[in-house]
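# Close look at the chain arrangement
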Amino acid sequence: MPAMNEMQCDLLVIGSGMAGMAAAMFAGQHHIDTVQVGITGEINFASGLLDVLGVHPQDQGIPWEDPWAGIRQLIKDTPDHPYARLGVDQIQRAMDTCIAFLKSAGLHYTTRHNLNSHIITPAGTVKTTYAVPHSMAAGAQALASKTPTLLVDFHGLKGFSARQIIETAGRRWPGLKQLRLAFPGTRGELYTEHAARSLDLAANRKALADLIRPHLVGAKAVGLPAILGIYRTSEGVTDLEHQLGVPVFEIPTMVPAVTGLRLREAFEQRLPATGIRALYQQKVWDAMVLPNGEFRFSAGGLAPETTIKARGVILASGRFFGKGLRADRSRIREAIFDLPVVQPKKRALWHHKDLLQPSGHPINRAGLETDEHFRPVDEKGQVIHPRLHAVGSILAHQDWIRQKCGSGLSIATAFGAVDAYAQLSRQ
Amino acid sequence: MTARTWLYFPGCKINTFMPQYGLSTRSVMTALGISLDQTELNCCGYPVRHENFAAFMVAAVRNLAIAAARGLALMTPCKCCFGNLKHADHWMHQDETLRRQINALLAKEGLAWRQGIVIRHLLSVLDEAVGTDALKTAVTRPLTGLRVAAHYGCHALRPGNITQFDNPLAPTLFERMVALTGATAVNWPLRLECCGQPQTGKNNRVAMALMTRKLDDARQADAQIMATACTHCQMQFDDGQFEYGPPTGCAPVPAVLYTQLLGTAMGLPEEALGLEKNRIPWRF
Amino acid sequence: MFLTYCVYLSLAVCLAGVLWRMGRWFTLSIGPEAPSAPPRARIAACLHATSSILTRPVIAAIVKAWVVDVLIQRQIARKSVVRWVMHMTLFYGFVSLILLHALDDLTLARWDPDYAATANPYMLLRNLMGLFVLTGIIIALVRRHTLVLLKRFNTRADKVAIALCAAILLSGVGLEAVQISSAPLFDEMVQDYFGGDDPEEITSLKAYWAAYYEVVFPQPPVINAQSLETGQTVHEDNCAACHSPPTYAIAAYPVVKIIKPLAPAMGRIRLDIGLWYIHVLASCIALAYLPFGKLFHLISVPVSLAARAVGDTRGNAPLNRHTRRAIGLDACTHCGVCALHCSVAPLMAVIDNPDILPSEKIGDLSLWYTGRLERNRQWRLARGGNICTACGRCTDVCPAGIDLQDLWQASQTDLIDSGYFSPHGWIRTNDMVAWSKSAKTATTAADSGMHLVDNPDTFWACVQCTICTNVCPVVATSEDPRRDLDLTPQQVMNLVRLQLKDMALGCRMVWDCVTCYRCQEECPQKVPVADVLYELRNEACRRLHVVKGPTSKLSPSDLQER
């Protein structure tokens with residue numbers, strides 16, 4: 001193989017999903033010399049909504065209007081949940097910092113004075129979330145005040161039907177009307193990214209507005225699938241509102257969605273500018289701890305290309321889809337360091353018999369056990385390495401999908417771990 | 001890689017279709033103290049790669065073997081040549097059987113591929129071998145006020161793990177290079193997208209749609225010109241716009257080769273940059 | 001008498017052939033411009049252009065081209081000194097031999113009242129020119145049989161040309177050698193030119209000529225100091241004015257030394273007369289053959305170089321472009337320089353198609369345009385032409401000044417018009433389903449070398465998430481992807497992982513790919529989407545070759561009709 005490139009850094013962030021991106025961002029703000037390695041595909045599957053906590057206890061499906069109150073209750077009920085290592089103040093600070101960062105990257109989020117917001121989903125159900133993209137804010141408003149709204153969908157756009165939304169949400173939100181359009185310039189199947197790129201151009205927005213305008217009659221708002229541009233979304237929404245004379249909002253679409261893409265682009269474009277040395281589209285091939293306690297990794301795309309020496313590590317490699325965890329016939333393993341994974345005793349206990357069991361399956365809560373600084377520990381509670389931290393969905397004792405706390409978990413644990421790393425380093 | 005002498009790989013198209021790129025590259029490089037070895041090389045294999053992988057490999061790797069035999073690093077101004085040479089080099093590393101077969105064919109000419117042959121695109125050579133400081137010094141007539149849309153060119157950028165040109169998702173090299181000329185690199189969403197050239201002459205609908213889309217985007221970002229650093233991309237934007245014309249009510253966006261931009265900023269004479277050969281004229 | 005008839009006959013054949021050959025310049029239609037113009041219009045256009053050139057400064061460029069590229073052969077010298085030596089020795093050797101030897105009655109004999117072919121400097125010069133030609137022939141043979149590329153493609157025309165040159169030269173040298181040693185010829189000369197009839201003087205002259213002029217007598221004369229002395233006097237009185245010593249026949253003299261033991265026998269059968277016939281007949285054949293083989297380049301190359309000096313074909317009037325291209329076909333000497341500099345020549349190591357090389361392609365084009373190319377080689381010609389990358393190096397190096405670059409473009413258009421599409425073009429002649437049916441009948445064992453398509457590991461991680469489709473700029477340009485592309489990238493991946501690659505081979509998505517690699521870069525599961533599409537195109541091309549390949553007897557429409 002060709003000669004390996006060499007890199008040296010203080011901190012290596014492994015992973016480029018929500019948690020890895022957040023960790024790199026916080027590390028940048030701490031002025032830590034950071035390298036980030038990861039394949040960024042997974043963040044494409046982000047909805048773009050930033051949840052903190054939606055449901056607790058999950059088996060009863062109780063939604064929380066005030067997520068912070070919910071978190072306090074959650075910490076009380078499940079003291080081993082990762083949130084319990086942080087406390088509400090830290091989580092709030094983490095969220096505020098992250099939202100401010102995204103704003104600086106041109107991606108605006110709206111929160112409702114520390115309360116959860118509710119928005120309509122493409123299935124017509126109501127989704128509880130904490131911060132909504134600016135382009136969806138008018139939708140939360142319209143839902144709350146039952147504004148008579150025209151919902152637009154498009155021929156060929158799969159998984160998004162205005163009629164289906166009205167069918168499900170109509171009773172709760174009576175003033176809904178539907179309109180199906182052919183997206184300007186297309187006839188067949190429509191893909192969200194293509195539509196969004198097309199609506200980044202003013203001429204195409206005008207064509208769309210011209211198609212919608214005759215159908216407004218009486219509607220006080222217009223809801224569209226989340227395809228209003230990738231890079232110029234705010235500009236696009238304002239432009240459409242100006243042309244139609246009513247508030248315009250986006251409704252999330254099926255993943256992979258442009259809402260995830262916008263998040264990805266914001267991080268990818270902005271993080272390198274803050275000094276993060278990013279090796280995107282590469283993965284860690286092997287890892288070892290040197291006698292002096294530092295780490296040595298090899299990273300690369302199709303084969304190891306770069307040797308990275310790092311003092312410390314933040315492991316944000318995700319669960320099974322992100323390939324941070326791997327399951328074989330008998331057990332679940334952590335993919336890079338083979339760290340101990342808290343998991344059910346045997347495979348038969350991984351799942352409930354009932355697939356849709358509201359409390360989730362035991363395997364969903366498998367993951368890494370950590371100390372209060374998010375450092376993985378072994379069965380005896382001993383820290384495995386003083387400068388190895390783990391964040392995000394790889395952590396045990398959480399079920400982010402059912403608890404509706406994915407973004408919050410990622411952002412807050414990254415915040416906590418980077419903070420801890422910085423503090424421990426100072427000592 | 002900071003060599004002062006490079007094996008110059010112009011690729012097939014420059015001679016016939018884009019002589020101004022060869023001319024301006026040689027002028028700029030000479031002025032910057034880089035010497036170019038002009039041994040006769042063959043096709044990079046890109047066109048035949050659609051049809052016959054093995055033929056592509058032989059053609060591409062033969063060039064690499066010549067570079068190895070001459071003990072020089074290889075520099076090409078064409079991003080398609082660059083990407084394809086990198087692909088070939090990658091497969092030679094990757095596949096032992098292939099390596100043996102190709103080397104056996106090359107051995108008939110006394111050539112052999114080996115590891116560690118350096119392949120760089122012109123922009124990287126400017127960045128690494130010439131360096132920012134030398135470029136800053138060389139720029140005597142900065143293109144102040146010129147708004148430039150830097151068009152990256154797919155084959156250099158992706159797949160990033162093979163081409164190793166820049167961060168494939170958030171590259172900065174071209175914008176940095178444009179900034180060095182004193183011009184302003186605009187931020188435009190489609191900067192990393194395809195110019196459409198690979199389908200020109202095959203499916204012109206696709207080729208023209210891709211080109212038009214990019215030009216619209218550059219116009220919306222208030223770019224005055226499009227900068228390219230690839231023979232094929234330049235052919236697409238210069239010849240394509242010349243032959244098909246801009247959409248009604250729009251002015252064309254002149255496409256200018258990066259070497260022409262840099263040369264202009266360095267105060268080189270117009271004839272040394274072949275500016276008069278651009279079909280959509282641009283002068284600063 | 002017989003030989004005189006032969007000379008006139010061959011001259012007549014030559015002139016008729018040249019006219020016929022030049023007539024073709026105005027009848028062949030090559031390229032897309034105004035194809036049905038009658039020859040009269042073509043000739044008129046050509047004359048018009050020629051007459052307008054004569055009054056313009058460009059005439060100087062033409063003269064310069066003739067001096068530089070015909071007389072000095074600078075273009076050849078730049079590329080290969082050996083080849084330059086070959087060409088110069090052959091050209092100047094033959095030209096001088098024709099002017100000063102074959103036509104000596106019209107030239108030297110008129111200029112020099114004392115001219116005799118066997119006297120110096122003429123004998124020495126003729127032999128020197130003979131050696132020149134011999135050198136040229138030897139270099140030509142060695143080149144044709146050592147250079148890897150050339151040795152593969154020696155055509156009959158090349159061999160005939162070299163063989164004719166060799167026959168004329170060797171018979172000439174042999175003739176001179178036999179004549180030198182011939183006793184019967186000596187006797188004839190004595191009879192015709194010797195003034196006296198003193199037998200002793202004749203004997204002395206014989207002794208002198210046997211000793212110094214290499215004549216071999218059936219009964220060797222007595223050679224002693226006295227006979228030689230007498231012989232010398234007789235010789236100087238009667239022979240010396242027309243005969244220089246044979247050592248000056250520097251080409252024939254070594255041959256004389258070799259054949260000396262056989263000379264009496266040769267004299268007996270009058271081999272000198274036989275060789276004379278051979279020499280003259282070979283020359284006649286060469287003259288008559290001139291318009292029909294590569295020797296025609298003596299005429300066509302200067303014309304081609306003159307056209308080149310005026311400018312590129314694209315700058316000519318449309319009608320004249322056809323003419324120019326037809327001249328170009330005739331001007332090729334199959335010298336092979338273009339092949340040595342061809343940018344895609346190394347592909348020959350893998351693709352067994354001589355028509356990749358410009359030197360072979362132009363020959364086959366010549367056959368094709370004159371309706372003489374076998375059907376199964378037409379497809380090969382089109383495929384070879386496809387591979388050209390238009391680098392223009394062949395045009396730059398062509399010593400005959402043929403605008404090859406233009407010829408390739410024009411002929412490619414003609415080939416496509418005749419149904420010989422590129423693979424991209426072929427795919428558009430049919431729909432995906434029909435393709436998948438014919439593709440099944442043409443499976444091949446080989447694969448591309450990337451080994452992605454048939455390897456389940458390539459796709460195991462694919463979750464059909466549609467990101468590849470979402471980022472694909474080609475899908476984005478389509479109003480209706482199903483109509484324009486048949487399938488989207490993610491659907492192609494799905495077909496292939498279900499082992500249904502036959503279905504995917506003719507899918508337009510595969511062929512409309514711009515290879516921007518966004519799909520591959522962005523795939524969260526790292527499926528090499530773009531490389532898989534590359535491999536599918538490779539596979540489709542290979543199957544196309546199975547049914548369309550050089551050995552196939554199928555017509556171009558066969559695949560469409562299946």
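Described in the following lines is the structure provided in the data block. For clarity, every value in this text was computed on a predicted model and none was experimentally measured.

Looking now at the overall build of chain B. The helix and strand tally for chain B stands at 13 helices and 8 strands. Per-residue burial over chain B gives 61% buried out of 284 residues. Counted over contacts in chain B with a minimum sequence separation of 6, partners at least 24 positions apart contribute 79%.

Moving on: helix H3 (residues 53–70) of chain B. Two residues of an α-helix separated by three or four positions point the same way, owing to the 3.6 residues in each turn. Residues and elements named next belong to chain B. With 18 residues, H3 should cover 26 Å at 1.5 Å per step; its first-to-last C-alpha distance of 26 Å lies within 8% of that length. A large share of H3 lies buried, amounting to 16 of its 18 residues. Just downstream of H3, Gly71 is the residue with a positive phi angle, here 65°.

Moving on to the environment of Arg24(C). Residue and element names in this part refer to chain C. Mapped onto the fold, Arg24 is located in helix H1 (residues 2–24). For Arg24, a count of 18 C-beta atoms within 10 Å puts it in the partly exposed group. A C-alpha to C-alpha distance of 20 Å links Arg24 and Thr413, two positions 389 residues apart in sequence.

Looking now at the interface of chain B and chain C. Taken together, the 36 residues of chain B in the interface contact 36 residues of chain C. Breaking the side of chain B that touches chain C down by element, the ones donating at least two residues are helix H1 (12–17), H3, helix H5 (96–107) and helix H11 (204–220) of chain B. Take the side of chain B that touches chain C: its biggest share by element is 7 residues, from H3(B).

What follows concerns the sheet that holds strand E7 (residues 149–154) of chain A. Residue and element names in this part refer to chain A. Read across the open sheet, the 4 strands follow the order E8-E7-E9-E10; overall the sheet is parallel. A single partner strand is all that each edge strand has here, and the edge strands are strand E8 (176–181) and strand E10 (248–251). Each adjacent strand pair in this sheet contributes to an overall mean axis angle of 25°, direction not counted. Packing against the sheet, helix H5 (residues 162–169) makes contact with E7 and E8, and its axis sits at approximately 165° to E8.

This brings us to the interface of chain A and chain C. A common way to express how large an interface is: the accessible area buried when the components associate. With 16 residues of chain A at the interface, the matching set in chain C holds 18 residues. In the side of chain A that touches chain C, the residues fall into 3 nonpolar, 8 polar and 5 charged.

Let us look at the sheet that holds strand E1 (residues 5–8) of chain B. All names here are of chain B. Ordered by their spatial adjacency, 4 strands build an open sheet running E2-E1-E3-E4, and the pairing between neighbours is parallel. Sheet topology places strand E2 (35–37) and strand E4 (119–121) at the edges, where each strand pairs with a single neighbour. The mean angle between the axes of side-by-side strands here comes to 40°, regardless of whether they run parallel or antiparallel. Where strand E3 (residues 73–76) meets E4, 3 bridges bridge the pair, whose relative direction is parallel. Each bridged residue has a counterpart across the sheet, and for Leu74 the counterpart in E4 is Ile119.

Residue and element names in this part refer to chain A. Between helix H7 (residues 202–212) and helix H8 (residues 233–244), the shortest axis-to-axis distance is 10 Å and the interhelical angle comes to 40°. One finds that H7 runs oblique with respect to H8. You can see that H7 and H8 cross each other, and the crossing is right-handed. On H8, the residues touching Ala202, Arg205, Lys206, Ala209 and Ile212 of H7 are Gly236, Asp239, Leu240, Gln243 and Leu244. Residues that form the contact of H7 with H8 fall into these classes: 5 nonpolar, 2 polar and 3 charged.

Residue and element names in this part refer to chain C. Contact geometry for helix H5 (residues 81–102) and helix H7 (residues 122–146): axes closest at 8 Å, N-to-C directions at 145°. Where H5 crosses over H7, the two elements pack in a sense that is left-handed. Note on element contacts: H7 touches H5 through Leu125, Arg126, Met129, Phe132, Val133, Thr135, Gly136, Ile139 and Ala140, opposite Val82, Val85, Met86, Thr89, Leu90, Tyr92, Gly93, Phe94, Ser96, Leu97, Leu100 and His101.

As a further point, take unusual backbone geometry. Of the consecutive residues Arg158(B) and Pro159(B), the connecting peptide bond is found in the cis state with omega at -10°. With respect to the helices and strands, the residue Pro159(B) is situated in the loop between helix H8 (154–157) and helix H9 (160–163). Cis peptide bonds are those with omega within 30 degrees of zero, and the linkage from Asn120(C) to Pro121(C) qualifies with 0°. Assignment of secondary structure puts Pro121(C) in the loop between helix H6 (108–111) and H7. In this structure, Arg270(C) takes a positive phi of about 50° despite not being glycine. Within the secondary structure, Arg270(C) sits in the loop between helix H14 (263–268) and helix H15 (271–289).

Each value, and the rule that gives it
For every chain, the first residue of its written sequence is number 1, and the numbers climb from 1 along that sequence. All chains are assigned letters beginning with A, and all ligands numbers beginning with 1, in the order in which they are written. Side-chain atom pairs in this predicted model are given and counted only at pLDDT of 80 or more, local residue features only at pLDDT of at least 70, and totals for whole chains, interfaces and linings cover all residues. Numbering of helices and strands runs from the N terminus, with a helix taken as a DSSP run of H or I at least four residues long and a strand as a DSSP run of E at least two residues long. Exposed residues have 12 or fewer other C-beta atoms within 10 Å of their own C-beta, buried residues have 20 or more, and partly exposed residues fall in between, where C-beta atoms are placed from the backbone. Residue pairs qualify as contacts under a 7 Å threshold applied to their C-beta atoms, which are placed from the backbone. A helix is expected to span 1.5 Å for every residue after the first. Should DSSP find at least two bridges between two strands, the strands are taken to pair. Think of each axis as a best-fit line through the C-alpha atoms, taken over the contacting stretch in the case of a helix, with angles from 0 to 180 degrees between the N-to-C directions. Asp, Glu, Lys and Arg are counted as charged, while Ala, Val, Leu, Ile, Met, Phe, Trp, Tyr, Cys and Pro are counted as nonpolar; the rest, among them Gly, fall into the polar class. Angle categories are assigned with fixed cut-offs, so that under 35 degrees is roughly parallel, over 145 is roughly antiparallel, 65 to 115 is roughly perpendicular, and the rest are oblique. Crossing chirality is assigned from the near helix's rotation relative to the far helix, an anticlockwise turn below a right angle marking it left-handed and a clockwise turn marking it right-handed.

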